[in-house]
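Observations on the model geometry
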Amino acid sequence: MERARLAAQGKTGELRIGMIPANAHDLRRYWETFRTRHPQRGLRLRHAPFVEPFAGLRRGEVDMLLTWLPALEPDLIVGPKMFAERRVLAVSVDHELAGRSSASVEMLGDFQVARGKHIPDYWAESYTPWHTPRGNIIERSAVIENVDDIFTLISAGEIANVFPVHVSRYWNRPDMDWRPIPDMAALDYGLAWRGEAENGMIRAFAEIVRDLGPL
């Protein structure tokens, strides 16, 4: 049925990209270039959960994954970087940090943050460090499975949480306040795919990202 659907559209194949970040609109130059250079190929973007982040790749549900880095998985190839973003701290509107000009990494040691279920430790640490610069533990209390769970806990004042800055634009909410974290390095996002599943479409899209360079 899938082959018939593609054939009806004049396509000889389809590249499926899973996206952990939510900023697909910001990255449209990559999608548009792929469609222009390879009109015979379809392109389908899919949301990819950050819980068990690489499982969809391994099950063959997507061909490539756009993920924050690093992705230190022995069966995966890490391709070109697509973008990097500064980070912000999300708190409730009545939180003690709300309205401040900025937050700092050291402040994270004073509050609870979320802990993703079934996430590799090294991958979690690249998103939010385990310790502040002074060595204080950044407590991960609430085990969450999706972004809605995080937002609910932030709104209730139970946690504060770090996000890449695009989240503050795509999920601007009246019950939350977003504070920049100037002393936190930008978070890199890049492509990954299974080495054993690499094909011409995957190589073609990676080449486009290399040609255009990171956003």
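Residues numbered from 1 in each chain as written. Predicted model: local features only at pLDDT ≥ 70, side-chain atom pairs only at ≥ 80, totals over all residues. Heavy atoms only, no water.

1. As for the sheet that holds strand β2 (residues 41–47)
- Spatially, the 5 strands line up as an open sheet ordered β2-β1-β3-β10-β4, and their pairing is mixed. Only two strands of the sheet have a single neighbouring strand rather than two, namely β2 and β4 (76–85). Within the sheet, the average angular offset between the axes of one strand and its neighbour, ignoring direction, is 25 degrees.
- As judged from the 7 bridges shared by β4 and strand β10 (residues 187–194), these two strands associate in the antiparallel manner. Among the inter-strand pairings, Ile 77 is bridged to a residue of β10, identified as Trp 193.
- Along the sheet, helix α2 (residues 28–37) makes contact with β1 (13–19), β2 and β4, crossing β2 at roughly 155 degrees. (Pairing = 2+ DSSP bridges. Helix = DSSP H or I, 4+ residues; strand = E, 2+ residues; numbered from the N terminus. Axes fitted to C-alpha atoms, helices over the stretch in contact; angles between N-to-C directions. Contact = heavy atoms within 4.5 Å.)

2. Thoughts on the packing of α2 against helix α7 (residues 200–212)
- At their nearest, the axes of α2 and α7 sit 10 Å apart, and the two run at 125 degrees to each other. It follows from the interaxial angle that α2 and α7 lie oblique. The interaxial crossing formed by α2 with α7 has right-handed handedness. Mapping the contact onto sequence places Arg 29, Tyr 30, Trp 31, Thr 33, Phe 34 and Arg 37 in α2 and Met 201, Ala 204, Phe 205, Ile 208, Val 209, Asp 211 and Leu 212 in α7.
- For the contact of α2 with α7, the per-class residue count stands at 9 nonpolar, 1 polar and 3 charged. (Parallel < 35°, antiparallel > 145°, perpendicular 65-115°, else oblique. Left-handed = near helix turned anticlockwise from the far one by under 90°. Nonpolar A, V, L, I, M, F, W, Y, C, P; charged D, E, K, R; others polar.)

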